[in-house]
Amino acid sequence: MYEKIFARSFSRYEQKKLGYGAFVCSLILALTFCTVFKPYFGPLPPLNLRLSMGVGLRMLTIEDPSMSLSLGMASVEPHTSTTSNPSEKPGEPNVEMNTSAPSNKSEKTVQVTVEAQSPSQPNPPQKTEIGMKLVTKPICSTAEPRSDFCEMNGDIRVHGKSSTIFLASSQVENNTTWRIKPYARKGDETALKHVNSFTIKPSLMVVNKIPQCTENHRVPAIIFSLGGYTGNHFHDFTDVIIPLFSTSREFKGEVKFLITNKKAFWIAKFREILDKLSNYEILDIDGEENIHCFPRIIIGLKRIGNEELSLNPSKTPNGYSMKDFRDFIRSAYSLKRESAIKIKEGGNSKKPRLLIISRRNSRAFMNKGKIYTMAKRLGYNVLIAEADNKSNLSSFAQTVNSCDVMMGVHGAGLTNMVFLPENAVLIQVVPLQLEWLSKYDFGEPSVDMNVRYLEYRIKEEESSLIQQYPDEIRDPISVKRKGWFAFRDLYLDRQNVMLNVIRFRPTLVKKQSSFCMSRSCHFFLFFFFFLIFP
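For every chain, the first residue of its written sequence is number 1, and the numbers climb from 1 along that sequence. Per-residue local features of the predicted model are confined to residues with pLDDT of at least 70, and side-chain atom pairs are confined, for both listing and counting, to 80 or more; whole-chain, interface and lining totals are unaffected and use all residues. The side-chain values count all of the structure's non-hydrogen atoms but skip hydrogen atoms and water molecules.

(A) Spatial organisation of the state of the cysteines. Two cysteine sulfur atoms make up a disulfide if the distance between them is within 2.5 Å. Tallying each qualifying case throughout the model produces two disulfides. Paired by a disulfide, Cys140 and Cys150 hold their sulfur atoms 2.0 Å apart. Measuring handedness by torsion sign, the sulfur bridge of Cys140 and Cys150 sits at about 110° and is right-handed. Remark: Cys150 occurs in strand β9 (residues 149–159) and Cys140 occurs in strand β8 (residues 139–141); sequence separation between them is ten residues. Only protein chains enter the area calculation, which uses a 1.4 Å probe; residues under 20% of their type maximum are buried, those over 50% are exposed, and those in between are partly exposed. Cys140 sits in the partly exposed class, given a relative accessible area of 28%. Under the relative-accessibility criterion, Cys150 is labelled buried at 3%. Covalent S-S linkage joins Cys213 and Cys293, the inter-sulfur distance amounting to 1.9 Å. Looking down the S-S bond of the Cys213 and Cys293 bridge, the torsion is -100°, so its handedness is left-handed. Separated by 80 residues along the polypeptide, Cys213 in the loop between β12 (198–204) and β13 (215–216) and Cys293 in strand β17 (residues 291–299) bring together distant segments of the chain. Like Cys293, Cys213 is buried. Every helix listed is a DSSP run of H or I at least four residues long, and every strand listed is a run of E at least two residues long, numbered separately from the N terminus.

Printed below as a string of structure tokens:
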């Protein structure tokens, strides 16, 4: 009603004039509104941006707080390298940029593949890796019986001297930190006493809250320790080499190793393996004053399960198996033989080759000469060798790979079965009271390596302990009650073996017959055996 009264108070011309004026004013107001609020009409919310130019396919990860997040402008804080990294191999570009904006919304993840042309590269386009995160958290696993490990993506900054890993984030929900010992023998306090701890600390991405990068790396990093029991050949493989393979193999060499508790002799010993797993120089992270920054990091090695010298493909990352590991070892050391020999009727006169692993301090053969003579008379080409840290591992791997049978008393030297060809034979001589340990350490792992396994359990009269500790031998329960260290001191550290060659020879005959492919071959071997040993 009020509109009609108001309209009648104007003439028709004045009404028309008023309408035009109102239209023009509305248009001016609309333009003013759009101009003022234009900055807030961006298509995406402000996000953390991390840019790393590098060769190879990369993934673009966008973590969108939510579609209803209020919009705003993002601030940019570039990270520039103030020092060069002399240990980095050529061709590792360092380009990084971070932006941040706060939010308390839930995160969504979208993954797409992108290609970007580097302005300095006129050649085929390089792949670009961009990781966008609003609030980044480490993913830590403490459920495995043998190892704890953490994995993080985003803006990671490592300060070696303080053993601290900073995870840069625009928002820290609480003050939770993690401490981890990067060595895969969890629960063994004796081993872990010699392993450095690392602290993982989420930190705000603001000045004075987090150290600034001084060395940037475009590839992921893996931190692991050379403390613990490293230097023992068995523990070198089961605690470090095999878990390192399953953790790092997926990167196809594009990963950098950061080592704590460095042992120079260990790195030299396994140089072929380390160079095959990583294309970059190893960094001794202990005592590093520089802040090393990475787009991704794994702290600790992924050792899944409780088994020794094993990989379970149903549980390990990327389904790696011991067959994959053995194929990798053959490639790393250029081992020529994939399979043990097969003696065919009338065609192959080649003798199977037997390697006797010799030990010096404990669990040693006291009559190596008699064992050698017996094996020669049975038709073996016999080689006696000792595996220790002074041996050239590459050369020793070639020696083991050239053999069809390997035998030795329970000990770290039997770990060299990883170099044996497929379908070769491992004979483990088991000292008194070490039946369970022998089977667990070498008997069970041999199955996954496709190595045929046989064990020979000695009698009391074949043990050196029968002369020195007759009471303890006849009452092993009393020794076990004293604990592991007393048990180890007696049965592992003080025991040697005087092998009964007459009792042992059927074992060698049985294994030699396994290389025969015909009945006549088997008949000849057993006839030969009874002819020599009536």
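Structure's up, so let's keep going.
(B) Helix α10 (residues 435–448), seen in detail. Spanning 14 residues, α10 covers 20 Å between terminal C-alpha atoms, matching the ideal 20 Å at 1.5 Å per step. Of all the bends found along α10, the most pronounced is centred on Asp441 and spans about 30°, while Pro445, a proline, follows it within four residues. Those residues of α10 that fall on the buried side of the exposure criterion are Leu437, Ser438, Asp441, Phe442, Gly443, Pro445 and Ser446. For this analysis, residues touch if any pair of their heavy atoms sits within 4.5 Å. Buried residues in α10 make contact with α4 (233–248), β21 (425–430), β22 (452–457) and α14 (484–492). For a helix, the expected span equals 1.5 Å multiplied by the number of residues minus one. Two axes enter the bend calculation: one fitted to the seven residues ending at the residue in question, the other to the seven starting there, and the bend is the angle between them.

(C) Local environment of the confidence of the model for the protein chain. Each residue carries a pLDDT value, the predictor's own confidence for that position, ranging from 0 to 100. For the protein chain, the mean per-residue pLDDT works out to 78, and 69% of the residues sit at or above 70. Within the model, pLDDT remains below 50 along residues 42–135, and this stretch shows 205 contacts once partners closer than five positions in the same chain are excluded. Note on residues 522–534: pLDDT is under 50 here. Beyond four places in sequence and across chains, it has 17 contacts.

(D) Geometry of the pattern of salt bridges. Whenever a carboxyl oxygen of Asp or Glu lies within 4 Å of a side-chain nitrogen of Lys or Arg, that contact is scored as a salt bridge. As enumerated under the stated definition, the model contains 22 salt bridges in all. With a shortest N-O distance of 2.8 Å, Lys186 and Asp148 are connected by a salt bridge. In this pair, Lys186 is assigned in the loop between β11 (178–180) and α3 (189–192) and Asp148 in the loop between β8 and β9, connecting sequence segments 38 residues apart. Judged by relative accessible area, Lys186 falls into the partly exposed class, the value being 27%. Residue Glu455 is joined to Arg457 by a salt bridge in which the shortest nitrogen-to-oxygen separation is 2.8 Å. We classify Arg457 as partly exposed; its relative accessible area is 43%. Taken together, the salt bridges that share partners define one network made up of Arg146, Arg185, Asp239, Arg303 and Glu308.

(E) Highlighting the side chain of Lys256. The topology assignment puts Lys256 in strand β15 (residues 256–260). Polar contacts involving the side chain of Lys256 include one to the main-chain carbonyl oxygen of Glu281, which spans 2.8 Å. Here a polar contact means two N or O atoms within 3.5 Å. Within protein one must be a hydrogen donor candidate and the other an acceptor candidate, and residues neighboring in sequence count only if both atoms are side-chain atoms.

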